[in-house]
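# Remarks on the overall topology
Okay, here's what each chain looks like letter by letter:
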Amino acid sequence: QVQLVESGGGLVQAGDSLRLSCAASGRNFSIFALTWFRQAPGKERQFVAAILGSGGSIHYADSVKGRFTISRDDIKSTIYLQMNDLKPEDTAIYYCAATARLRDYMYVSAYGYWGQGTQVSVSS
């Protein structure tokens, strides 16, 4: 089993930065795809960024390319999301998730392990 705990959210103004963390526990951390999703009120959960295994490929949603950076520390079993130039449209609860189905990393349905989420609110 994998347990995931997010932290680092907060209330910021447009143009500010935040760094989210997701601490993981359990076996096989290095072989999982580790992924950030977000969900705004009244919206479906949306893919943000993924890193596929230790040293694996990285993928971003078009809406965050050039602003967000995902990384992982396999020694600390932690993934990060550095968010720069935040916009009001980034306001959402941010979740980290893990799956061994690397080919399906962009699909919510592929994930069996989720954190509880951390709130990011960006004002104009």
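Below is a summary of the structure that appears in this document. Given the structure is predicted, the values throughout are model-derived calculations rather than measurements. (Residues numbered from 1 in each chain as written. Predicted model: local features only at pLDDT ≥ 70, side-chain atom pairs only at ≥ 80, totals over all residues. Heavy atoms only, no water.)

Let's shift gears to the sheet that holds strand S1 (residues 2-7). Here four strands make up an open sheet; going across it, the order is S1-S3-S8-S7 and the pairing antiparallel. Bordering the open sheet on either side are S1 and strand S7 (68-73), each of which pairs with just one other strand. Within the sheet, the average angular offset between the axes of one strand and its neighbour, ignoring direction, is 15 degrees. Looking at chain direction, S7 and strand S8 (residues 78-83) are connected through six bridges and run antiparallel. Each residue of the ladder has a partner; that of Ser71, found in S8, is Tyr80. (Pairing = 2+ DSSP bridges. Helix = DSSP H or I, 4+ residues; strand = E, 2+ residues; numbered from the N terminus. Axes fitted to C-alpha atoms, helices over the stretch in contact; angles between N-to-C directions.)

The geometry of an aromatic ring pair is captured by the separation of the ring centres together with the interplanar angle, meaning the angle of the planes. Going through the model one piece at a time under the given rule, you end up with seven aromatic pairs. On the numbers, 5.1 Å between centres and 80 degrees between planes, the contact of Phe37 with Tyr111 is edge-to-face. Of the two residues, Phe37 sits in strand S4 (residues 33-39) while Tyr111 sits in the loop between strand S9 (92-99) and strand S10 (113-114), which places them 74 residues apart along the sequence. In terms of burial, Phe37 and Tyr111 fall into one category: buried. Arranged with centres 5.2 Å apart and planes meeting at 50 degrees, the rings of Phe37 and Trp114 form a pair that is tilted. With Phe37 in strand S4 and Trp114 in strand S10, the pair connects residues that are 77 residues apart, well separated along the chain. Judged by its relative accessible area of 24%, Trp114 is partly exposed. (Phe/Tyr/Trp six-rings, centres within 6.5 Å; stacked < 30°, edge-to-face > 60°. Buried < 20%, exposed > 50% of the residue type's maximum accessible area, 1.4 Å probe, protein only.)

For the rest of this paragraph, the subject is unusual backbone geometry. At Ser77, a residue that is not glycine, the phi angle is positive and equals roughly 50 degrees. Among the structural elements, Ser77 can be located in the loop between S7 and S8. For Asp85, which is not glycine, the phi dihedral falls at a positive 50 degrees. Tracing the chain through its elements places Asp85 in the loop between S8 and S9. A residue is classified by how much of its surface remains accessible, and Asp85, at 39% relative accessible area, is partly exposed.

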